[in-house]
Amino acid sequence: MRKQVAGVGLIGLLLAAWPLILVADADTQERLRVALDPWNPQEIRLEGDRLTVITRESRMTDQVLRPLISTGVCMPVFTGAPDSYLAEIEEIAVLNTFGRQGYVFSGGRPECQEIGGLPMNDLEMYILSRTQMHTN
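Position labels on residues start from 1 in each chain and follow its written sequence. Residues qualify for local features only when their pLDDT is at least 70, as the model is predicted, and side-chain atom pairs are given and counted only at 80 or more; totals for whole chains, interfaces and linings, by contrast, use all residues. Side-chain metrics in this entry use all non-hydrogen atoms of the structure; hydrogen atoms and water are not considered.

A.B. asks: Looking at this structure, how should I read the sheet that holds strand β2 (residues 50–54)?
C.D. replies: Within a sheet, adjacent strands bond to each other through the backbone by hydrogen bonds, running parallel or antiparallel. At least two DSSP bridges between two strands are required for those strands to pair. Working definition: helices are DSSP H or I runs of at least four residues, strands are E runs of at least two. Numbering for both runs from the N terminus. Strand order in this open sheet of 5 strands is β1-β2-β3-β4-β5, and the pairing throughout is mixed. Both outer strands of the open sheet, β1 (43–47) and β5 (131–135), are each paired with one neighbouring strand and no more. Sheet twist, expressed as the average angle between the axes of neighbouring strands with direction ignored, equals 20°. As paired strands, strand β3 (residues 91–95) and strand β4 (residues 101–106) are joined by 5 bridges and run antiparallel to one another. Paired with I92 across the bridge in β4 is F105. Lines are fitted to the C-alpha atoms to define the axes, a helix being fitted only along its stretch in contact, and any angle between axes, read from their N-to-C directions, falls within 0 to 180 degrees.

This is how it looks when you write it as structure tokens:
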């Protein structure tokens, strides 16, 4: 009987937290939309531990990737976003308009916090060292 009560308590707790999870995702989605507005992305997708940004670029280059990560995706971390912003994200894919070519940056909120503390001349190397090419 105790196990059943504990199970119901856990389910109740999860059900109670579900709206908070949805609000956190909606807040993250809105912050990303505002932060990435200068790049006018075609789509911003949050799926599990992956953030995917589909750009309007026909060919993705690292000249687009670096500022999109440092002053786009990561900027809300430096401007007071709640701890939930990018908390579950482990990789950020920045892809061309077709979603077939681009880059995948390994990181989320902790890496954004590191980016915020780096001198400008180390920023490029840090981002590129955590990035892999993506092709489909």
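A.B. asks: Please explain the pattern of salt bridges as it appears in this structure.
C.D. replies: Here the idea is simple: oppositely charged side chains can pair when their charged atoms come close. The salt bridge criterion pairs a side-chain nitrogen of Lys or Arg with a carboxyl oxygen of Asp or Glu, the two atoms within 4 Å. Per the counting criterion, the structure on display carries 9 salt bridges. Here E124 ties to R66 by a salt bridge, and the two come within 3.6 Å at their closest N and O atoms. One end of the pair, E124, is in helix α5 (residues 120–129); the other, R66, is in helix α2 (residues 62–73), with 58 residues separating them in the sequence. Between E111 and R130 there is a salt bridge; the shortest N-O distance is 3.4 Å. Taken together, the residues E111 in helix α4 (residues 109–117) and R130 in the loop between α5 and β5 connect sequence positions 19 residues apart. Each residue gets one of three labels from its accessible area relative to the maximum for its type: buried under 20%, exposed over 50%, partly exposed in between, using a 1.4 Å probe on protein chains only. Given a relative accessible area of 27%, R130 falls into the partly exposed group. Through salt bridges with shared partners, a single ionic network connects E43, R45 and E47.

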